[in-house]
Amino acid sequence: MKLWPTKERHFRFADSKAHTLERLKRRTEYSEWLTSNHTEKSFRGVIEDNHFKLITSEIGFGAFCVMEGTINETTGTIKVTIHNVFKGFLSLFMLFPIAGFIMVTFFDKQEFSWIMLLVVLLQIVIIRFAIIELVFRRLSKRSLKSLRDVLDVEWGLTQGV
């Protein structure tokens, strides 16, 4: 069981490796820290040789998913993960039920209840496997669609999720 969702895709591009990399460089604004900012380009990130680490430039949603990939001669791979800053915020969000349980148990002087503990664990599971998973799937799909449009690639087999 993975704590954070990931998505891995393999792709083939229609043009040469050099042309594909040039198209990606032309549509990417350099950003070492992968932060959102208004830009005319499709992506923000770092491209070094045949490796890249990108976010979409869409304000509000673009920085949630980080796309890391490698471009080989005729194929490439890409792995989509949640940005580390969002992982921190989401970790805090998943700790809210635990904090509430501690406050109710110790500060309100209520008796310990196994049912209440079960409810806390269920809330954490729902946050992780319902809310975070659905948001990740939607935003990673949006990011991969944007990358596919810029690189003009065909997706191969899907692995992960």
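Description of the structure in this document.

Calculation notes
Residues numbered from 1 in each chain as written. Predicted model: local features only at pLDDT ≥ 70, side-chain atom pairs only at ≥ 80, totals over all residues. Heavy atoms only, no water. Patch = residues over 30% accessible without salt bridge, like charges linked within 9 Å, V, L, I, M, F, W, Y side chains within 5 Å. Areas by Shrake-Rupley, 256 points an atom, 1.4 Å probe, with all protein chains shown as cover. Salt bridge = Lys/Arg side-chain N within 4 Å of Asp/Glu carboxyl O. Buried < 20%, exposed > 50% of the residue type's maximum accessible area, 1.4 Å probe, protein only. Helix = DSSP H or I, 4+ residues; strand = E, 2+ residues; numbered from the N terminus. Contact = heavy atoms within 4.5 Å. Phe/Tyr/Trp six-rings, centres within 6.5 Å; stacked < 30°, edge-to-face > 60°. Core = buried A, V, L, I, M, F, W, Y, C linked by side-chain atoms within 4.5 Å. Polar contact = N/O pair within 3.5 Å; in protein donor to acceptor, adjacent residues only side chain to side chain. Pairing = 2+ DSSP bridges.

Before going further, it helps to spend a moment on a nonpolar patch on the surface. Taken together, the side chains of Val 85, Phe 89, Leu 92, Leu 95, Ile 98, Ile 102, Met 103, Phe 106 and Phe 107 define a hydrophobic patch exposed on the protein surface, amounting to about 930 Å² of accessible area. Residue classification places Phe 89 among the exposed residues on the basis of a relative accessible area of 55%.

With respect to the helices and strands, the residue Thr 70 is situated in strand S5 (residues 65–71). Taking the C-alpha atoms as reference points, Thr 70 and Asn 50, separated by 20 residues in sequence, lie 5.6 Å from one another. Not counting chain neighbours up to four residues away, the residues in contact with Thr 70 comprise Phe 11, Asn 50, His 51, Phe 52, Thr 75, Gly 76 and Thr 77.

Counting across every chain of the model gives 7 salt bridges. Between Arg 23 and Asp 15 there is a salt bridge whose closest N-O contact spans 2.4 Å. For Arg 23, a relative accessible area of 13% translates into the label buried. A relative accessible area of 31% means that Asp 15 is categorised as partly exposed. Residue Glu 29 pairs with Arg 44 through a salt bridge whose shortest N-O separation is 3.3 Å. Taken as a pair, Glu 29 in strand S2 (residues 28–30) and Arg 44 in strand S3 (residues 43–48) lie far apart in primary sequence, 15 residues in all. Assessed through its relative accessible area of 6%, Arg 44 is described here as buried. Salt bridges linked by common partners bring Arg 128, Glu 133 and Arg 137 together as one network.

Here we come to the packing of aromatic side chains. Here the structure, examined in full by the defined rule, presents 4 aromatic pairs. For the ring pair Phe 64 and Phe 86, a centre distance of 5.1 Å and an interplane angle of 65° mean the geometry is edge-to-face. Of this pair, Phe 64 sits in the loop between strand S4 (51–56) and S5 while Phe 86 is found in helix H2 (residues 84–107), placing the two residues 22 residues apart along the sequence. Residue classification places Phe 86 among the partly exposed residues on the basis of a relative accessible area of 27%. Taken together, a centroid distance of 6.1 Å and an interplanar angle of 80° make the contact between Phe 93 and Phe 96 edge-to-face.

Bringing the nonpolar core into the picture now. One broad trend across soluble globular proteins is that nonpolar side chains are buried collectively. Counting residues in each nonpolar core, the largest one holds 27 residues, and the members touching the most others are Leu 24, Phe 52, Leu 54, Met 67 and Leu 147. Counting residues per element, the ones that place at least two in this core are strand S1 (7–13), helix H1 (17–26), S3, S4, S5, strand S6 (75–82), H2 and helix H3 (114–151). When residues in this core are grouped by element, the largest group, 8 residues, is from H3. Residues in contact with Phe 52, not counting those within four places in the same chain, are Leu 24, Val 46, Ile 47, Met 67, Glu 68, Gly 69, Thr 70, Ile 71, Ile 78 and Leu 147.

This brings us to the side chain of Thr 28. Within the secondary structure layout, Thr 28 lies in strand S2. There is a polar contact of 2.6 Å between the side chain of Thr 28 and the backbone oxygen of Leu 24. If we skip the residues at most four places from it in the chain, Thr 28 touches Lys 41, Phe 43, Arg 44, Gly 45, Ile 47 and Leu 54.

For S1 and S6, the ladder comprises 6 bridges, and the chain directions are antiparallel. From the neighbouring strand, Glu 8 faces S6, where its bridge partner is Lys 79. Examined bridge by bridge, S5 and S6 share 7 bridges and lie antiparallel to one another. Each bridged residue has a counterpart across the sheet, and for Met 67 the counterpart in S6 is Val 80. Hairpin connection between S5 and S6: a loop of 3 residues separates the two successive antiparallel strands.

From the geometry alone we can't say anything about function, so treat these as descriptive.
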